[in-house]
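Listed below, chain by chain, are the residues.
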Amino acid sequence: MAKYNNVKIDLQPRPVLQELIQDLTNKMLAQKRVLADCEHMGAPNNLIDGLKSDIKLLDQVIERCYAQQELINMRDEQIIGLN
């Protein structure tokens, strides 16, 4: 029987949603920068309220993505445990 000491098998789940989470986080941070600039320059309240609403929505979507990733990880861990 041949030995392969240098072969490593990684059965850890991969973060499927990580790229999406990162993109959404970057978008939210960009919106926060725009909001800060708008507040500093005295932009109309409806623009500021719209940005705050967008930021809140992005935050909620990011949280749901994290929760979904956790479910994916748990499922993958269960599958790995069955093997």
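Note that the coordinates shown come from a computational prediction; the quantities given were computed from them, not determined experimentally.

Thoughts on the overall build of the protein chain
- Within the protein chain, the regular secondary structure consists of 2 helices and 0 strands.
- Looking at the protein chain as a whole, 23% of its 83 residues qualify as buried.
- Residue pairs at least 24 apart in sequence account for 70% of intrachain contacts in the protein chain once pairs closer than 6 positions are excluded.

What about the pattern of salt bridges?
- Under the criterion given, the structure shown has 1 salt bridge.
- The partner of Glu39 in a salt bridge is Lys52, and the shortest N-O contact between them spans 3.9 Å. Within this pair, whereas Glu39 is found in helix H1 (residues 18-41), its partner Lys52 is found in helix H2 (residues 45-82), the two being separated by 13 residues in sequence.

What about the environment of Leu20?
- Mapped onto the elements of the fold, Leu20 is located in helix H1.
- Put simply, Leu20 and Ile62 are 42 residues apart on the chain and 8.6 Å apart in space, counted from C-alpha to C-alpha.

Digging into the nonpolar core
- With 14 residues, the main nonpolar core has Ile21, Leu24, Met28, Leu35, Cys38, Ile48 and Ile62 as its most contacted residues.
- Elements represented by at least two residues in this core include exactly H1 and H2.
- At 7 residues, H2 tops the list of elements feeding residues into this core.
- Residue contacts for Ile21: discarding those within four places in its chain leaves Ile62, Cys65 and Tyr66.

Side note on the side chain of Gln31
- Note that Gln31 resides in helix H1.
- Once residues lying within four places of it in the same chain are set aside, the contact partners of Gln31 are Leu51, Asp54, Ile55 and Leu58.

Side note on H1
- Here H1 spans 35 Å end to end across 24 residues, near enough to the 34 Å set by a 1.5 Å rise per residue.
- When H1 is considered as a whole, its buried residues turn out to be Ile21, Leu24, Met28, Gln31, Leu35 and Cys38.
- Immediately downstream of H1, the backbone of Gly42 shows phi near 75 degrees, a positive value.

Rules used throughout
Sequence positions are assigned chain by chain, starting from 1 and proceeding in written order. Per-residue local features of the predicted model are confined to residues with pLDDT of at least 70, and side-chain atom pairs are confined, for both listing and counting, to 80 or more; whole-chain, interface and lining totals are unaffected and use all residues. Excluded from the side-chain calculations are hydrogens and water; all other atoms, namely the structure's heavy atoms, are used. Numbering of helices and strands runs from the N terminus; a helix is a DSSP stretch of H or I covering at least four residues, while a strand is a stretch of E covering at least two. Three labels apply to residues, based on accessible area from a 1.4 Å probe with only protein chains included: buried if under 20% of the type maximum, exposed if over 50%, partly exposed otherwise in between. Residue contacts follow a heavy-atom distance rule, with two residues in contact if any of their heavy atoms lie within 4.5 Å. For this document, the term salt bridge refers to a Lys or Arg side-chain nitrogen within 4 Å of an Asp or Glu carboxyl oxygen. Throughout, nonpolar core names a set of buried Ala, Val, Leu, Ile, Met, Phe, Trp, Tyr and Cys residues whose side chains join them through atoms within 4.5 Å. In this analysis, the expected span of each helix is defined as 1.5 Å times one less than the number of residues it contains.

Fair warning: the whole summary comes from geometry, so function is off the table for now.
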